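Survey of secondary and tertiary structure
Single-letter residue listing:
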Amino acid sequence: MIKGFCYIMLFYVLGEMVSLLIGKLIPGSVCGMILLFLALTLKWVRPRDVDKAASALTRNMALFFVPASIGLMHEYKILMSNWVVLLTVSVVTTLLVIVVVGVTEERLDRKLSRRKGGAA
Amino acid sequence: MMNEIFSSTPFILLLVLGSYLAGCKLHQKKHIALFHPLLVAMILIIGLLTLLDIDYDTFCAGSSFISFLLGPSVVALGYALYEQIEQIRGKEIPVLTAVFAGGIVGIVSVIAICRVMGVDEAITSSLQPKSVTIPIAISLSEHSHGIPSLTAVIVFGCGLLGGIIGPAVLDRCHVNSRVARGLALGSAAHGLGTARAIELGAVEGAISGLAIGLMGVVTSLLIPVFENLMR
C-alpha cells in the first residue's frame, strides 16, 4: 500500500509541475489525475501497484471535503443573500446538463450504429 | 484548561472523524439522500464548534491534515477512471461528445445566468464546477478564486436534485437507452446521480460512475477556456 501512496504522491507532484508549466490553468491535483490515468492506460504503471491505495482514498472521499465545507459557517451570509441566483443556477443548469448529455448520447449512438449497420 | 484541549489538533480530528462516522451510521440506517454523511457531519461540526466556542481558524489549522488528503484523492480518481473506461468500448465517440456537450452547456449556462442576474465574480467561479464531483469541484473553485464551501453545498444540492428528478426528466425527453441514462445522471449529478443510477440498473450505475470522472476532466479543461473567452 505504501508503494501505491508513493505513486499517487508522485503523480500529484508531476501534476503540480504540469500545472505550473501551463500557467496554472488547471489545478495540480486534476493534472495528476489525468497523468495517472494516462500512465495506467499506457501501461507505465501496473494497476495492482496503485489499486489498494487509490481505493482507500476514493472510498472515503466525502470525509476529506468535510473541513472545506465548514467554511460555510463564515460564508452563510453569501448563501442567504444570493439564494435566488443560486437556486436558479442549480435547477436550470442541472436540468440542461441531464437533457443535453442524455439526448446527445442516445441520438449520436443511434446514428453511428445505423451508419455502421448500413455499411455492413 | 478545557479550551486548550478543544483547540488541540487531536480533539479537532476526533470531532471531524466522529461527526463523519455518525453521518455514515445514520445514512446506513436511513436510506435518505438528505442524510448524506457530509451534510450530517457539517451540521454536527458547526453546532459543536459554536457550542464549544472554537473559532474557525483554529478548526482549519487542526483539520488541515484531513483537508490535505483531498488532493491525493483527486489524483486517485485517475485509477477509478482507468478501471471504468472499459465500459464504453465501441461507444467512445457518442459518450465523449455527449459529456463534452454537457460540460459546455453546464459552464456557459452558469456564466450566462450569473451575468444576467448580476452577481459577484467569486460566486460565478464557485458555481462553474457545479456538475462535478465535490473534491474536483472544490479544487476548481479554489483555483479560480471561488468560495470552496459554497461550491461544496451547491454541488451537493445539484446532485441531490439531479438524482431525484433525473430519471423523470429523461423519460420526458424519451431517452431510453441505458447508457445514455446512466451517462446523463453521472454527468449532471456526480455521486448522488450514480447512487440513483445504480437503482435503475447495473449498466446505468457503471456508466454513471464513469461519467463522474469524464465530467471532472472535461469541466477542468473547459473552465479556463471559458474564463478567457467570456471575460
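Fair warning: this is a prediction, and the values are worked out from it, not measured in the lab.

If you tally the helices and strands in chain A, you get seven helices and zero strands. Its helices and strands in sequence order give chain A the pattern α-α-α-α-α-α-α, from N to C terminus. The C-alpha atoms of chain A give 21 Å as radius of gyration, which overshoots the globular expectation for 120 residues (14 Å, by more than 25%). Projecting the C-alpha coordinates of chain A onto the three principal axes gives extents of approximately 60 × 45 × 30 Å. When the 120 residues of chain A are sorted by exposure, 43% land in the buried category. Long-range contacts, defined here as pairs at least 24 residues apart, represent 43% of the contacts in chain A between residues at least 6 apart.

The subject of this paragraph is the overall build of chain B. If you tally the helices and strands in chain B, you get eleven helices and zero strands. Relative to the 2.2 N^0.38 estimate, which gives 17 Å for 231 residues, the radius of gyration of chain B is 19 Å and therefore close to what a compact globule would have. Relative to its 231 residues, chain B shows a buried fraction of 56%. Long-range pairs, those at least 24 residues apart, make up 63% of the contacts in chain B with a sequence separation of at least 6. Total accessible area on chain B stands at roughly 9800 Å², and carbon and sulfur atoms take up 66% of it. Positive and negative side-chain charges in chain B, numbering 12 and 14 respectively, have mean positions lying 14 Å apart.

Before going further, it helps to spend a moment on the interface of chain B and chain A. In this complex, chain B contributes 89 residues to the contact, which on the side of chain A involves 69 residues. Taken together, both faces of the contact between chain B and chain A bury some 7000 Å²; the carbon and sulfur share is 84%. Taken together, chain B and chain A are joined by one salt bridge. The partner of A:Asp109 in a salt bridge is B:Lys91, and the shortest N-O contact between them spans 2.8 Å. On inspection of chain B and its partner chain A, the count reaches six residue pairs in polar contact (both at pLDDT 80 or more).

This model, assessed by the stated rule, comprises two aromatic pairs over all chains. Seen from their ring centres, A:Tyr12 and B:Phe68 are 6.3 Å apart, and the 35 degrees between their planes marks the pair as tilted. Residue A:Tyr12 is located in helix 1 (residues 2–21), and its partner B:Phe68 is located in helix 4 (residues 56–68); the two belong to separate chains. Ring geometry for B:Phe6 versus B:Phe11: centroids 5.0 Å apart, planes at 50 degrees, classification tilted. Summarising the burial analysis for this pair, B:Phe6 and B:Phe11 share the class buried.

Our focus in this paragraph is helix 1 of chain A. Counted at 1.5 Å a residue, the expected span for helix 1 of chain A with its 20 residues is 28 Å, and the 28 Å between its end C-alpha atoms agrees. Within helix 1 of chain A the residues assigned to the buried category are A:Gly4, A:Ile8, A:Phe11, A:Tyr12, A:Gly15 and A:Ser19. For helix 1 of chain A, the buried positions fall inside an angular range of 110 degrees around the axis, keeping them on one side. More than 90 degrees from the buried face of helix 1 of chain A, the exposed residues found are A:Ile2, A:Leu20 and A:Leu21. Buried residues in helix 1 of chain A make contact with helix 2 (28–41) and helix 3 (47–59) of chain A together with helix 4 and helix 5 (70–84) of chain B.

Bringing the pattern of salt bridges into the picture now. Residue and element names in this part refer to chain B. Considering all chains together, one arrives at nine salt bridges over all chains under this definition. In this structure, the salt-bridge partner of Arg-89 is Glu-86, at a minimum N-O distance of 3.5 Å. Assessed through its relative accessible area of 47%, Glu-86 is described here as partly exposed. Of the charged contacts, one joins Arg-178 and Glu-204 as a salt bridge, the two residues approaching to 3.3 Å between their closest N and O atoms. Separated by 26 residues along the polypeptide, Arg-178 in helix 10 (residues 178–200) and Glu-204 in helix 11 (residues 202–229) bring together distant segments of the chain.

Turning our eyes to something else, we now look at unusual backbone geometry. Residue and element names in this part refer to chain B. For His-145, which is not glycine, the phi dihedral falls at a positive 60 degrees. Relative to the helices and strands, His-145 is located in the loop between helix 8 (134–143) and helix 9 (148–172). One non-glycine residue, His-190, lies in the positive phi region at around 35 degrees. Tracing the sequence through the fold places His-190 in helix 10. A relative accessible area of 4% places His-190 in the buried class.

A low pLDDT score tells you not to read the predicted coordinates there in detail. Predicted confidence across chain A gives a mean pLDDT of 89, with 96% of residues reaching 70 or more. Taken element by element, the predicted model of chain A shows its lowest mean pLDDT in helix 6 (residues 72–81) of chain A (84) and its highest in helix 1 of chain A (95).

Moving on to the side chain of B:Thr219. Structurally, B:Thr219 can be placed in helix 11. Excluding residues within four positions of it along the chain, B:Thr219 makes contact with B:Ile107, B:Gln128, B:Pro129, B:Val132 and B:Leu140.

Rules used throughout
- Residues numbered from 1 in each chain as written.
- Chains lettered and ligands numbered in written order.
- Predicted model: local features only at pLDDT ≥ 70, side-chain atom pairs only at ≥ 80, totals over all residues.
- Heavy atoms only, no water.
- Helix = DSSP H or I, 4+ residues; strand = E, 2+ residues; numbered from the N terminus.
- Rg over C-alpha atoms; globule rule 2.2 N^0.38 Å.
- Buried < 20%, exposed > 50% of the residue type's maximum accessible area, 1.4 Å probe, protein only.
- Contact = heavy atoms within 4.5 Å.
- Areas by Shrake-Rupley, 256 points an atom, 1.4 Å probe, with all protein chains shown as cover.
- Lys, Arg positive; Asp, Glu negative; His and termini not counted.
- Charge placed at Lys NZ, Arg CZ, Asp CG, Glu CD.
- Buried area = accessible area lost by both parts, 1.4 Å probe.
- Salt bridge = Lys/Arg side-chain N within 4 Å of Asp/Glu carboxyl O.
- Polar contact = N/O pair within 3.5 Å; in protein donor to acceptor, adjacent residues only side chain to side chain.
- Phe/Tyr/Trp six-rings, centres within 6.5 Å; stacked < 30°, edge-to-face > 60°.
- Expected span 1.5 Å × (residues − 1).
- Arc of directions from axis to C-beta.
- pLDDT = per-residue confidence, 0-100.

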